[in-house]
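Observations on the model geometry
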Amino acid sequence: MALSTERLGLFNPEKPMENRLTDLGPRHFWQYFPPIIQNNYGKWKYHEILEPGVLVHVSETGDKVFTVRCGGCRFMTVEHVREICDIADKHCDGYVRFTTRNNIEFMVDSQDKMEALKKDLASRKHVSGSFKFPIGGTGAGLTNIVHTQGYIHCHTPATDASSMVKAVLDELFDYFQGMTFPAQVRISMACCLNMCGAVHCSDIALLGYHRKPPIIDHEVIDKVCEIPLVIAACPTAAISPSKTEEGGKTVKIKEERCMFCGNCYTMCMAVPLTDKEGDCVTIMAGGKVSNRISPPKFSKVVVPGVPNNFPRYPEVCEAVKKIIEAYAANANKYERIGDWAERIGWERFFEKCGLPFTEHLIDDYRLAYDTYRTTSLFKYTDAAWAVSKVVEG
């Protein structure tokens, strides 16, 4: 039976592009390129960073594209988006792009336009006096923090995302507008272990962490939830069916198996996970995706259980600043934080950063053999000896 070319379908296998529907899925990227990029596609010779936040790409034809990068936020008001569009219409013929770390990039084709754009961006401020569009985030500096949803949208966070990112970047803002680090620094933030942010492979990672299993509301669970769905949602089989004293259907949780992921709460509102006393922030360091100098690395826990003091998180900001300042002062050029820590030894990393090292930071994951340091070389420090004595090593 031939394919219908009437009411139920217009696809013609002889001419597959004929009558093609173009409103399904993303549009082709080509139409979003500025004309100068379309004309020089595949002809770029090199690019340079002229100053923090300003790049120039040079083509074989001699054409140049100047890019001004500004810090953006993950959650934007409609008013803010409209202002971004107004700037793009005014300076960039309506073209604008966003980076994967929520930076905003405006592209122009001459240096005069670039200077006018920079002046306009610097003049736009909030009522409090802070920049709406701070220029920076390039080269050997701190770029924007990529983060998860937090209290504003997610149902399983152990902490908030937007407020913590704001607090940390307020402390490190000078590094965003400069290029004074040995290499680039990427900070990410996830508000729970489900980790819809890249905290597993960032230079510094902030992770909201649940430390207590869900609380079961036995009175309503069988009225608002499907018990089999709650049980099946647990990845570690920690949940099993049970009965209340009155004989009603409910579940029980094997606490030593619970990994605090919140999957059960995703399926059932009668097993809430958030706990004011149990929720905390864990800080990790040393991860990266880049292959330069060394292979990609996973982040390692360096500060566990930081108090979850909303909204300015002073303990988190202090710990991050210690790591950043020690790295800036001691690392070699082009070394990422993980490369620096491995060169000097993680034992000395804790000393340089002024962070306590305890036996609780030793990787005890059951498949951790792949990540153990199996060399006989060991950098013996006072902190390392103290831990060795505690574990009777």
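Structural notes, computed from the coordinates. (Residues numbered from 1 in each chain as written. Predicted model: local features only at pLDDT ≥ 70, side-chain atom pairs only at ≥ 80, totals over all residues. Heavy atoms only, no water.)

This brings us to the side chain of D275. Relative to the helices and strands, D275 is located in the loop between α8 (263-267) and β11 (280-285). Within the local environment of D275, its side chain forms a polar contact with the backbone nitrogen of E277, the two atoms lying 3.0 Å apart. (Helix = DSSP H or I, 4+ residues; strand = E, 2+ residues; numbered from the N terminus. Polar contact = N/O pair within 3.5 Å; in protein donor to acceptor, adjacent residues only side chain to side chain.)

Moving on, we get to the layout of surface pockets. Approximately 870 Å³ is the volume attributed to the second largest pocket. Elements with a contribution of two residues or more to the lining of the second largest pocket: α2 (78-91), α4 (162-171) and α5 (173-176). Looking at the lining of the second largest pocket element by element, the count peaks at six residues for α4. Considered class by class, the residues forming the lining of the second largest pocket number 11 nonpolar, 11 polar and six charged. (1 Å grid on protein atoms, 1.4 Å probe; cavity = no way out; pocket = protein on both sides within 12 Å on 5 of 7 lines; lining within 4 Å. Points joined across faces, edges and corners; volume = space filled by probe spheres on them. Nonpolar A, V, L, I, M, F, W, Y, C, P; charged D, E, K, R; others polar.)

As a further point, take the pattern of salt bridges. All told, the structure shown has 20 salt bridges when counted by the stated rule. Residue E51 is joined to K118 by a salt bridge in which the shortest nitrogen-to-oxygen separation is 2.9 Å. Of this pair, E51 sits in strand β1 (residues 44-51) while K118 sits in helix α3 (residues 111-123); the two residues are 67 residues apart in sequence, bridging distant segments of the chain. A salt bridge links K297 to E342; the shortest N-O distance between them is 3.8 Å. Here K297 is found in the loop between β11 and β12 (300-306), whereas its partner E342 is found in helix α10 (residues 337-344), with 45 residues between them in sequence. Among the charged side chains, a network of salt bridges with common partners joins E83, K90, D120, R124 and K132. (Salt bridge = Lys/Arg side-chain N within 4 Å of Asp/Glu carboxyl O.)

It is worth spelling out the sheet that holds strand β5 (residues 104-108) at this point. With antiparallel pairing, the five strands of this open sheet are ordered in space as β1-β2-β3-β5-β4. Both edges of this open sheet fall to β1 and β4 (97-98), since each of them pairs with a single strand only. The sheet contact formed by strand β2 (residues 54-59) and strand β3 (residues 64-70) spans five bridges and is antiparallel. Its bridge partner lying in β3, V56 is registered against F66. Sheet contacts for α2: β4 and β5; angle to β5, the most-contacted strand, approximately 10 degrees. Docked against the sheet, α3 engages β1, β2, β3 and β5, running at close to 10 degrees with respect to β3. (Pairing = 2+ DSSP bridges. Contact = heavy atoms within 4.5 Å. Axes fitted to C-alpha atoms, helices over the stretch in contact; angles between N-to-C directions.)

Let us now look at the nonpolar core. If you look at the biggest cluster of nonpolar residues, it comprises 44 residues, and the most contacted ones within it are I283, V302, V316, V320 and F349. Only α4, β7 (187-190), β8 (204-209), β11, β12, α9 (314-330), α10 and α11 (346-353) provide two or more residues apiece to this core. Ranked by residues supplied to this core, first place goes to α9 with eight residues. Here V320 is in contact with V168, L172, I187, I204, L206 and I283, once residues within four sequence places are set aside. In this structure, V56, C92, L121 and F133 belong to the second largest nonpolar core, which totals 18 residues. (Core = buried A, V, L, I, M, F, W, Y, C linked by side-chain atoms within 4.5 Å. Buried < 20%, exposed > 50% of the residue type's maximum accessible area, 1.4 Å probe, protein only.)

Right, let's talk about the sheet that holds β8 for a bit. Pairing is mixed across the open sheet formed by five strands, whose spatial order is β6-β7-β8-β11-β12. Only two strands of the sheet have a single partner each, and these edge strands are β6 (146-147) and β12.

This paragraph deals with the pairing of β3. When you tally the buried positions in β3, you get six out of seven residues, the bulk of the element. Hairpin connection between β2 and β3: a loop of four residues separates the two successive antiparallel strands, and G62 in this loop has a positive phi of roughly 95 degrees. By the bridge criterion, five bridges tie β3 to β5 in an arrangement that is antiparallel. For C70, the partnering residue across the bridge sits in β5 and is I104.

The next thing to look at is the packing of α9 against α11. Between two packed helices, the angle of one axis relative to the other and the distance separating the axes together describe the packing. In contact at an axis separation of 9 Å, α9 and α11 are set at 110 degrees when each is read in the N-to-C sense. Classified by the angle between their axes, α9 and α11 sit roughly perpendicular to one another. Contact residues: K322, I323, A326 and N330 in α9; F349, K352 and C353 in α11. Of the residues that constitute the contact of α9 with α11, the class distribution is four nonpolar, one polar and two charged. (Parallel < 35°, antiparallel > 145°, perpendicular 65-115°, else oblique.)

The subject of this paragraph is the packing of aromatic side chains. We describe a pair of aromatic rings using the distance from one ring centre to the other and the angle between the two ring planes. In total, this model carries 16 aromatic pairs according to the counting rule given. An angle of 25 degrees between the planes, with centres 4.7 Å apart, marks the rings of Y175 and F181 as stacked. The pair Y175 / F181 is uniform in exposure class, with both members buried. Taken together through their ring pairs, the aromatic side chains of Y175, F181, Y327, W340, W346, F349, F350 and F357 make up a single cluster. (Phe/Tyr/Trp six-rings, centres within 6.5 Å; stacked < 30°, edge-to-face > 60°.)

Okay, the environment of A161 next. Relative to the helices and strands, A161 resides in the loop between β6 and α4. Spatially, the C-alpha atom of A161 lies 9.4 Å from that of L207, the residues being 46 residues apart in sequence. Ignoring any residue separated from it by four or fewer positions in sequence, one finds A161 in contact with H147, T148, Q149, G150 and M189.

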